[in-house]
Amino acid sequence: MRRTVGVVSAVAVLVAVTACGGGGGSSGGATLVGLVTKTDTNPFFVKMKEGAQQAASSSGATVQSFAGKQDGDNQSQVDAIENLIASGAKGILITPSDSKAIVPSVDKARAAGLLVIALDTPLEPADAADATFATDNYQAGLLIGRWAKAKFAKEGRQAKIALLDLNPNQVSVDVQRDQGFLEGFGVDVKDRNRIGDESDPRIVGHDVTNGDPAGGRTAMENLLQRDPGITLVYTINEPAAAGAYEALKAAGKEKDVVIVSVDGGCPGVTNVKGGVIGATSQQYPLKMAQLGVEAVTKFAKDGSKPRNTDTGVTLITDQPAEGVESKDSAFGLQNCWG
């Protein structure tokens, strides 16, 4: 989540184009597929773009990639969809920055005959897209929550929990990971569809990060001011975790606090190996994008539409906990974002 500054104009300037078997949507008979990500700098989305390009190379498609200026930039994604409709794209793969606000634009694309597949982050409602190819984000949160619960119970430690979320918009991926983590740890979340309404005294508080290191550091600093005794930190993704660690290190608390996260990217798994992150839930963005391009290509040929696809999640840790299935960082590095 995942995700910062991309170079995008008011009309969502094209940030990458991969052409295979033709130069455009109608040139040479190639199928034009749009990939619209939250940013173009987060390694998660870089890997997603790589997966789309690989699939396009083998299927004779053309991929045009767009990105927002930062996580939460809905307008650039709206502009990208308009551009793709006008360009004659057959389908759009999108990781929505705002899973509710983007729906009218998705409706417009589908009405124009495009196949729309949500990657990583479901739309709200989910059936606003033709299909979703994603990690089960609730399960990703549940795994790190269960791991943390087992670790703290084994060590006889009390948890003081800080939650570093994405942004104030309560987008689906943010809510599902946050709530999955809390439920896995044994916290009553009240409304499972809303962040921040729990009343458990172990929770110090929530702050937002925009899914990037700078935001993670600032959010961690804010919560440490509220309670310097924090012992457990959940982060929406590994870039935010890296920033949180820097704040903890600056405060001399990095050895006293357990960080858990979601992504399983190569930098994040390296941080698991180095002890920066205790455990992370690994997801597979390259696979999401590959399957998405293949689905759009098939749709262009015969009109068939795909079903929702769970692209899998694996808990990665070098500190296995009893009763919680996991793989070590060696496995994580071999499979990071594949």
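Conventions and cut-offs
Residues numbered from 1 in each chain as written. Predicted model: local features only at pLDDT ≥ 70, side-chain atom pairs only at ≥ 80, totals over all residues. Heavy atoms only, no water. Helix = DSSP H or I, 4+ residues; strand = E, 2+ residues; numbered from the N terminus. Rg over C-alpha atoms; globule rule 2.2 N^0.38 Å. Areas by Shrake-Rupley, 256 points an atom, 1.4 Å probe, with all protein chains shown as cover. Expected span 1.5 Å × (residues − 1). Buried < 20%, exposed > 50% of the residue type's maximum accessible area, 1.4 Å probe, protein only. Contact = heavy atoms within 4.5 Å. Axes fitted to C-alpha atoms, helices over the stretch in contact; angles between N-to-C directions. Parallel < 35°, antiparallel > 145°, perpendicular 65-115°, else oblique. Left-handed = near helix turned anticlockwise from the far one by under 90°. Nonpolar A, V, L, I, M, F, W, Y, C, P; charged D, E, K, R; others polar. 1 Å grid on protein atoms, 1.4 Å probe; cavity = no way out; pocket = protein on both sides within 12 Å on 5 of 7 lines; lining within 4 Å. Points joined across faces, edges and corners; volume = space filled by probe spheres on them. pLDDT = per-residue confidence, 0-100. Pairing = 2+ DSSP bridges. Core = buried A, V, L, I, M, F, W, Y, C linked by side-chain atoms within 4.5 Å. Salt bridge = Lys/Arg side-chain N within 4 Å of Asp/Glu carboxyl O.

Colleague: Before we go on, may I ask you to explain the overall build of the protein chain in this structure?
Modeller: For the protein chain, the helix and strand inventory stands at ten helices and 13 strands. Relative to the compact-globule value of 20 Å for 338 residues, the protein chain shows a C-alpha radius of gyration of 20 Å, a close match. If you sum the accessible surface of the protein chain, you get close to 12800 Å²; carbon and sulfur atoms cover 48% of it.

Colleague: What exactly am I supposed to notice about helix H5 (residues 172-185) here?
Modeller: Helical geometry: 3.6 residues make up each α-helical turn, so side chains three or four residues apart lie on a common side. Along its 14 residues, H5 runs 20 Å from first to last C-alpha, staying within 8% of the 20 Å computed at 1.5 Å per residue. Within H5, twelve of the 14 residues are buried, which leaves the element mostly enclosed by the surrounding structure. For H5, the set of buried residues is Ser172, Val173, Asp174, Val175, Arg177, Asp178, Gln179, Gly180, Phe181, Leu182, Gly184 and Phe185. For H5, the elements touching its buried residues are helix H4 (137-155), strand E7 (161-165), strand E8 (203-208), strand E9 (232-235) and strand E10 (258-263). Just downstream of H5, Gly186 is the residue with a positive phi angle, here 100°.

Colleague: Just to check I follow, could you spell out the packing of helix H6 (residues 213-226) against helix H7 (residues 238-250) for this structure?
Modeller: When two helices pack together, their arrangement is given by the angle between the helix axes and the distance between those axes. Interhelical geometry of H6 versus H7 gives an angle of 45° and a closest axis separation of 6 Å. One finds that H6 runs oblique with respect to H7. Between H6 and H7 lies a crossing of right-handed hand. Across the interface between the two elements, Pro213, Gly216, Arg217, Met220, Glu221 and Leu224 of H6 pack against Pro239, Ala240, Gly243, Ala244, Glu246, Ala247, Leu248 and Ala250 of H7. Tallied by class, the residues present in the contact of H6 with H7 amount to nine nonpolar, two polar and three charged.

Colleague: What is the right way to look at empty space enclosed by the protein in this model?
Modeller: Gaps between atoms show up when a probe of the same size as a water molecule is rolled over them. Of the voids in this model, the largest cavity is the one considered here, and its volume is about 40 Å³. Those elements that place two or more of their residues in the lining of the largest cavity are helix H1 (43-59) and strand E3 (61-67). In terms of residue class, the lining of the largest cavity is built from five nonpolar, three polar and two charged.

Colleague: Where do I start with the confidence of the model for the protein chain in this structure?
Modeller: In regions of low pLDDT, the predicted coordinates are not meant to be interpreted in detail. Averaged over all residues, the pLDDT of the protein chain is 91; the fraction at 70 or higher stands at 91%. Across residues 1-28, confidence stays below pLDDT 50; counting only partners more than four residues off in sequence or on other chains, it has 103 contacts.

Colleague: I'm lost on unusual backbone geometry in this one. Help?
Modeller: The amide bond that connects Glu124 to the next residue, Pro125, takes the cis arrangement and shows omega of 5°. When you line up the elements, Pro125 lands in the loop between strand E5 (115-119) and strand E6 (131-134). Although it is not a glycine, Asp120 adopts a positive phi angle of roughly 70°. Within the secondary structure layout, Asp120 lies in the loop between E5 and E6. Even without being a glycine, Gln170 presents a positive backbone phi close to 55°. Along the chain, Gln170 falls in the loop between E7 and H5.

Colleague: Would you explain the sheet that holds E9 in this entry?
Modeller: Strands belonging to one sheet form pairs held by backbone hydrogen bonds; the direction of such a pair is parallel or antiparallel. The strand order across the open sheet built from six strands is E8-E7-E9-E10-E11-E13, with neighbouring strands paired in mixed fashion. The strands lining the two open edges of the sheet, one partner per strand, are E8 and strand E13 (314-317). Between one strand axis and the next, the sheet turns by 15° as a mean value, whatever way the strands run. Bridge analysis of E7 against E8 gives five bridges, and the strand direction is parallel. In the sheet register, Leu163 faces E8, and the bridge partner there is His206. Seen against the sheet, H5 touches E7, E8, E9 and E10 and runs at an angle of roughly 165° to E7. On top of the sheet, H7 reaches E7, E9, E10 and strand E11 (279-282); it is set at about 160° to E10, its chief contact.

Colleague: Hey, could you run me through the packing of helix H2 (residues 74-87) against helix H3 (residues 103-111) in this one?
Modeller: Running from N to C, H2 and H3 point in directions that differ by 5°, and their axes come no closer than 9 Å. Between H2 and H3, the angle is such that the two are roughly parallel. Here H2 contributes Val78, Ile81, Glu82 and Ile85 to the contact with H3, which in turn contributes Ser105, Val106, Lys108 and Ala109.

Colleague: Please clarify how the nonpolar core should be interpreted in this entry.
Modeller: The nonpolar side chains of a soluble globular protein tend to be buried with one another. Among the nonpolar cores identified, the biggest contains 29 residues, and Trp147, Phe181, Leu232 and Val260 are the most heavily contacted of them. In terms of residues, this core owes the most to one element, H4, which gives six residues. Ranked by size, the runner-up nonpolar core spans 23 residues in total, among them Leu35, Ala52, Met288 and Phe299.

Colleague: Help me understand the pattern of salt bridges, please; the structure alone is not making it clear to me.
Modeller: A side chain of one charge can pair with a side chain of the opposite charge when the charged atoms of the two come close. Counted by the stated rule, this structure contains 13 salt bridges. The residue Glu50 makes a salt bridge to Lys47 at a minimum N-O spacing of 3.3 Å. Residue Glu50 and its partner Lys47 are both found in helix H1; the two are separated by three residues, about one turn of the helix. For Glu50, a relative accessible area of 30% translates into the label partly exposed. For Lys298, the salt bridge identified is with Asp302, shortest N-O distance 3.0 Å. Of this pair, Lys298 and Asp302 both sit in helix H9 (residues 285-302), four residues apart, which is roughly one turn of the helix. Put simply, Arg110, Asp130 and Lys305 are held in one network by salt bridges that share partners.

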